[in-house]
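A closer look at the structure
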Amino acid sequence: MEVVWKMLWGSLVWMSIMVQFFLLSHCAMKYPVRNIRSKITGGKSSHGVKLIVEMNNGIVKVILSRPHGNVRGITYQGVENLLDSSLDRDDRGYWDCSWEDVNGKNGKQTKILGGEFQVITQKNNQVEVSFKTTWKRSDPLPALNVDKRYVMLSGSSGFYAYAIYERFKGWPGMFLWETRIVFKLSHRFQYLAISDSRQRLMPTSADRARGQSLAYPEAVMLKNPSNSKFKGEVDDKYQYSSETKDDSLHGWISLIQGIGFWIITPSHEFRTAGPLKQDLTCHVGPTCLSMFMSKHYTGVPLNVTFENGEPWKKVFGPVFIHLNSVSNRTMAISLWDDAKQQGTKAISLWDNAKQQMRKEVRSWPYSFPQSPDFLKSDQRGSVIGRLSVKDLYLKVGNGPARFAHVGLAAPGDVGSWEFQTKGYQFWTQADERGIFFIKAVLPGIYNLYSWVPGVMGNYMYESSVTVTPGTNIKLPRLVFKPPRDGPTLWEIGIPDRSAAEFYVPPNETKYINKLYLKQDTFRQYGLWERYTEIYPKKDLVFTVGTSDYAKDWFFAHVLRRLRNGKLQATTWKIVFDLSKVDRAGMYKLLLVLAAAHLAEVEVRVNRRESRRPYFTTGLIGRDDAIARHGIHGVLRSFTANLPGYLFVKGSNTIFLDQPRNEDIFQGVMYDYIRLEGPPQRTYQSLGRRHKRGTQL
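Attention here is on the structure that accompanies the text.

Cut-offs used in this document
Residues numbered from 1 in each chain as written. Predicted model: local features only at pLDDT ≥ 70, side-chain atom pairs only at ≥ 80, totals over all residues. Heavy atoms only, no water. Buried < 20%, exposed > 50% of the residue type's maximum accessible area, 1.4 Å probe, protein only. Helix = DSSP H or I, 4+ residues; strand = E, 2+ residues; numbered from the N terminus. Contact = heavy atoms within 4.5 Å. Polar contact = N/O pair within 3.5 Å; in protein donor to acceptor, adjacent residues only side chain to side chain. Pairing = 2+ DSSP bridges. 1 Å grid on protein atoms, 1.4 Å probe; cavity = no way out; pocket = protein on both sides within 12 Å on 5 of 7 lines; lining within 4 Å. Points joined across faces, edges and corners; volume = space filled by probe spheres on them. Nonpolar A, V, L, I, M, F, W, Y, C, P; charged D, E, K, R; others polar. Expected span 1.5 Å × (residues − 1). Arc of directions from axis to C-beta.

1. Regarding helix α4 (residues 527–534)
By the burial criterion, the buried members of α4 are L527, W528, R530, Y531 and T532. Contacts made by the buried residues of α4 are with β38 (560–561) and β40 (570–578).

Following this line, the structure appears as structure tokens:
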């Protein structure tokens, strides 16, 4: 493959499977190659000529700015540009980051612009180019070197993008909140697809502009949309968030053109905070995102904090920007007509994209990236093992850790993987026998972490795991002993790290998104106001043995809005009977929270009027899961030690107060609540969990 430098007047020269550098000038003079400067520091040379890089394999053509490395254009199937040509050329496809220095100054969202361009490799079957930015102390920019890479392969319907972020010893500290790739597509892309069931025609940015702003800028009620079927719906980008483990593929379809634009993430090893971290995917624009890290649904704990002088290096990606199309224009028009009338799912394009995603996943780790910082298959190792569960107070539920989530992450405390942001994580899911296999692990020292659906607590293998290139480590038989001090007297919910099993009210108000009328109903806007409608004066009361948590336990412990607009703190009651009481013993109330936002939970027993609670979580969380339609944020577990003399034989009440009432979004989501009795010599068998709770 050759590299060609040219000056052109009116049109671009097409060359098959090669990188082309074009100098587009308004003058009619053709400059010889020797006059082109090898180092370009701005968007124009001294000749006033705009500089671009073209990658073209005969299927896809990608235009990149030089030396910044922004994606200015993507040509496919005769469509000159799949990106929004009405925008500034450097605002169509780009990398950016949100950051702040350690003094809380100079923080902003900044595009990552390359300052040095280089052809890394040029072969008949592959091109890789680099756009590198090098930090200088005089720069008002984040203290990072970023080497953005783009790769195109012959015969490939798309291109790859990855980057190496690096800091050196002695550099000033900083906070990194977010980094991502952004693609702003042509307005002909109107059909969104995130999963098999989360697909729909979408409103336009113009529809949003004519809409009514709601409680925060991202949420808008559509008042006069171009498609009347959208009238009255709410659009909010957070309604289209996904968990990391479920976000290997998302994108947009232009039904009128029969073209799909997809971002495929074949591995999540470079994403932060593990497989349950939620983040954005796509939103009205149309905009398509590849999120590498952010503090969405987690808050400040997920900022990447670099101390003064702290070095760091990480490879984000590669991700694959995949393009596909239907076989003919007639089919494309049919898709569009069916979508307008029936809401078709454009199955052919989505299914094709899923097939491509599975192919990319099987190919990980890729063999083609040229950066030595991206390690290939033979430079990695693997870990295999088997996990079982042993709870001495339970018979049902012991045995294989069925479908446990198992991962390797940096050494830390139990459950610390959920707060890790700087390193890599490698996760898998065990089979029904508890057997797991973690492949393609980078060399390093790790802890092995796990949690088991339906089992409370986090597991961590007591020994560190050292992975070296080419090794296949077989661990000894692992046993998870969940946290337990005494027999379960009753329990509410399922320990699954979410509030999904609790009551999410149907959104019968005007704030609806039709996609979520029958699925993921927690994604509807305004559900925090529904609590006041259901409990206008008195708060929730749950009676163990009678109440059903799927119907009687509201999914979020939120505030009540009074008629005068003020917000009132709320107190929930758990009523239960005890056939006997060990007054000298210690009872344990386990509170597992799926989310918290500037909230507090206070615990009182049998005396609501007690001035001081017997236990409080203190002020916790900035998850924003309530406002952003999440069903969980960051897991937090608390144990309230309750002396036996607080209880009585017969009816008892535990009061859960959430006293913080400055903002409507303050509150918590419960994952699981359990009351344990004092330890016993003879262990009790509790049987299977059911919605009405279990009581001895």
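Having seen the model, we can carry on.
2. Considering the side chain of Q524
Looking at the secondary structure, you find Q524 in the loop between β36 (488–493) and α4. A polar contact of 2.7 Å, which involves the side chain of Q524, links it to the backbone nitrogen of N513. A distance of 3.2 Å separates a polar atom in the side chain of Q524 from the backbone oxygen of Y516. The residues touching Q524, leaving out its near neighbours within four places in the chain, are Q239, N507, Y511, I512, N513, Y516, L517 and H629.

3. Regarding the environment of S579
Note on placement: S579 falls in the loop between β40 and β41 (586–599). Using a relative accessible area of 54% as the deciding quantity, one classes S579 as exposed. Put simply, S579 and G650 are 71 residues apart on the chain and 6.0 Å apart in space, counted from C-alpha to C-alpha.

4. Comments concerning the sheet that holds strand β17 (residues 234–235)
What holds strands together in a sheet is hydrogen bonding between their backbones, with the strands either parallel or antiparallel. If you walk across this open sheet you meet the three strands as β15-β16-β17, and the pairing is antiparallel. Looking along the sheet, the strands with just one partner apiece sit at the ends: β15 (212–213) and β17.

5. Observations concerning unusual backbone geometry
Glycine aside, a negative phi is what most residues show, and trans is what most peptide bonds show. The peptide bond linking G285 to P286 adopts the cis configuration, its omega dihedral lying at -5°. Note that P286 resides in the loop between β22 (282–283) and β23 (287–293). In this structure, the amide linkage connecting W364 to the following residue, P365, adopts the cis form with an omega of 0°. Mapped onto the elements, P365 comes out in the loop between α3 (347–362) and β26 (381–389). A positive phi angle, close to 65°, is found at N606, a residue other than glycine.

6. Looking at the layout of surface pockets
Volume-wise, the largest pocket comes out at about 1200 Å³. Lining the largest pocket are 48 residues, and of these T244, K245, D246, H268 and P275 sit closest to its centre. Counting residues per element, the ones that place at least two in the lining of the largest pocket are β18 (242–243), α3, β29 (426–429) and β30 (435–441). Its residues assigned to classes, the lining of the largest pocket shows 18 nonpolar, 16 polar and 14 charged.

7. Some points on α3
In an α-helix there are 3.6 residues to a turn, and that puts residues three or four apart on one side. Between its first and last C-alpha atoms α3 spans 22 Å; for 16 residues at 1.5 Å apiece the expected length is 22 Å, and the two agree. Buried within α3 are the following residues: L349, W350, A353, K354, Q356, M357 and E360. Axial view of α3: buried residues confined to an arc of 165°, hence all on one face. In α3, the exposed positions angled more than 90 degrees off the buried face are occupied by I347 and R362.

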